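Observations on the three-dimensional arrangement
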Amino acid sequence: MTARTHRITRTGATLLACAFAFGCGSEAVKKDVATDTKPVAPATAPSVDTPVATTPEQVVPTNVSYKDAQAAYSSGSYQEAVRLYTGYTVEHPHNAWGYYMLGLSNWKAGDLPGAEAAFNTALTLEPNHQRSLYNSSRVLIEEDKAGEALIRIEEILKQDPASGEGYRLMGRAQYALGKTDEAIAAYRQALAIDVNDVWAMNNLGLICIRQERFEDAVQALARAAELKGTSPVIQNNLGVALERTGRFTEAASAYGAALAADSTYGKASVALARVTGRTDDPSVTATDLAALSITFQELEQGWKNSVDSVSSTVASQASDTSATPVESVQR
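This part takes up the pattern of salt bridges. Tallied over the entire structure, the rule returns 9 salt bridges. E226 is the salt-bridge partner of R223, the closest N and O atoms lying 2.5 Å from each other. Of the two residues, R223 and E226 both sit in helix α13 (residues 214–227), 3 residues apart, roughly one turn of that helix. Through salt bridges that share partners, R131, R138 and E165 make up one connected network.

This brings us to the packing of helix α15 (residues 248–261) against helix α16 (residues 266–275). Following both chains from N to C, one finds α15 and α16 inclined at 155 degrees, their axes separated by 9 Å at the closest point. Overall, the two elements α15 and α16 adopt an arrangement that is roughly antiparallel. The handedness of the crossing between α15 and α16 comes out as left-handed. Along the contact surface, α15 presents F248, A252, Y255, A258 and L259, while α16 presents A268, S269, A271, L272, R274 and V275. Class assignment for the residues of the contact of α15 with α16 results in 9 nonpolar, 1 polar and 1 charged.

This part is about the environment of M201. Looking at the element boundaries, M201 is found in helix α12 (residues 198–210). A relative accessible area of 0% places M201 in the buried class. In this structure, the C-alpha to C-alpha distance between M201 and R223, residues 22 residues apart in sequence, is 7.7 Å.

Examined against the element boundaries, A222 turns out to sit in helix α13. Residues A222 and L289 lie 67 residues apart in sequence; the distance between their C-alpha atoms is 5.7 Å. Leaving out residues up to four positions away in the same chain, A222 has contacts with L238, L289 and L292.

Conventions and cut-offs
- Residues numbered from 1 in each chain as written.
- Predicted model: local features only at pLDDT ≥ 70, side-chain atom pairs only at ≥ 80, totals over all residues.
- Heavy atoms only, no water.
- Salt bridge = Lys/Arg side-chain N within 4 Å of Asp/Glu carboxyl O.
- Helix = DSSP H or I, 4+ residues; strand = E, 2+ residues; numbered from the N terminus.
- Axes fitted to C-alpha atoms, helices over the stretch in contact; angles between N-to-C directions.
- Parallel < 35°, antiparallel > 145°, perpendicular 65-115°, else oblique.
- Left-handed = near helix turned anticlockwise from the far one by under 90°.
- Contact = heavy atoms within 4.5 Å.
- Nonpolar A, V, L, I, M, F, W, Y, C, P; charged D, E, K, R; others polar.
- Buried < 20%, exposed > 50% of the residue type's maximum accessible area, 1.4 Å probe, protein only.

What follows is the structure, encoded as structure tokens:
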């Protein structure tokens, strides 16, 4: 750590610790949540006893169409969507997609237990229902049940070993469990699969910030901002990384970009006021964000090459009957 890093005051460090966010807030939800809109015909599965999520102190509506419930969800009327999807699932108890959308609606309405219950019912009906596996994992992480989420994420990757989204979720769960090295490895794997996964970049950058590896954080977040410059979350986090390197002018630009994307983004507003008028650290050179983005892309290529090399070795051993069997890491 350089001397300039030590010059950050304790108060400033405390403020900054509250200033950034992992890709699990509203912006990340927009990216990660699939709003599957096409209705699915009721399943012909045998009758099962499934829990029905209900809206408290509301009469469950009848004769609800999937289209009407979806319209409420799409318009942002999430409480109404909960009410309508509740009615829909009562009348179509074997349709996993109805429960899936009820789960999304509850999640958006802020009812995490209700979302978990609905996703669980969808998975009771269809144990391999991928979107319910993905989004129930997110809900479980938000409920501080990362261990339970990890079990579902492992099932996702069992079904689809090439799921970059699955590895990104793995990173979130591992970090929530305090396993930082495993989280970093998972995010790198996600980026080896999809070099444009901005939320894996964002979350990797935030781990670097918390480890006080601020220059590494700037690289990851510069690339994320290059790909998704309209995200207030990513721009704010880039501002935090730049601020911690003493580049206050450039940090102000990033915070300003966050507010340009969302004028109500409070963290960026507070941060911009904090850095405005501060003199840049004279020992720090100006940042070439485009060049740092290229540097990060070179790192991604190295991670991809490493993954491809391992995959080729495993495939070669699988085709060679004389090779020593490869032990499974996860049992």
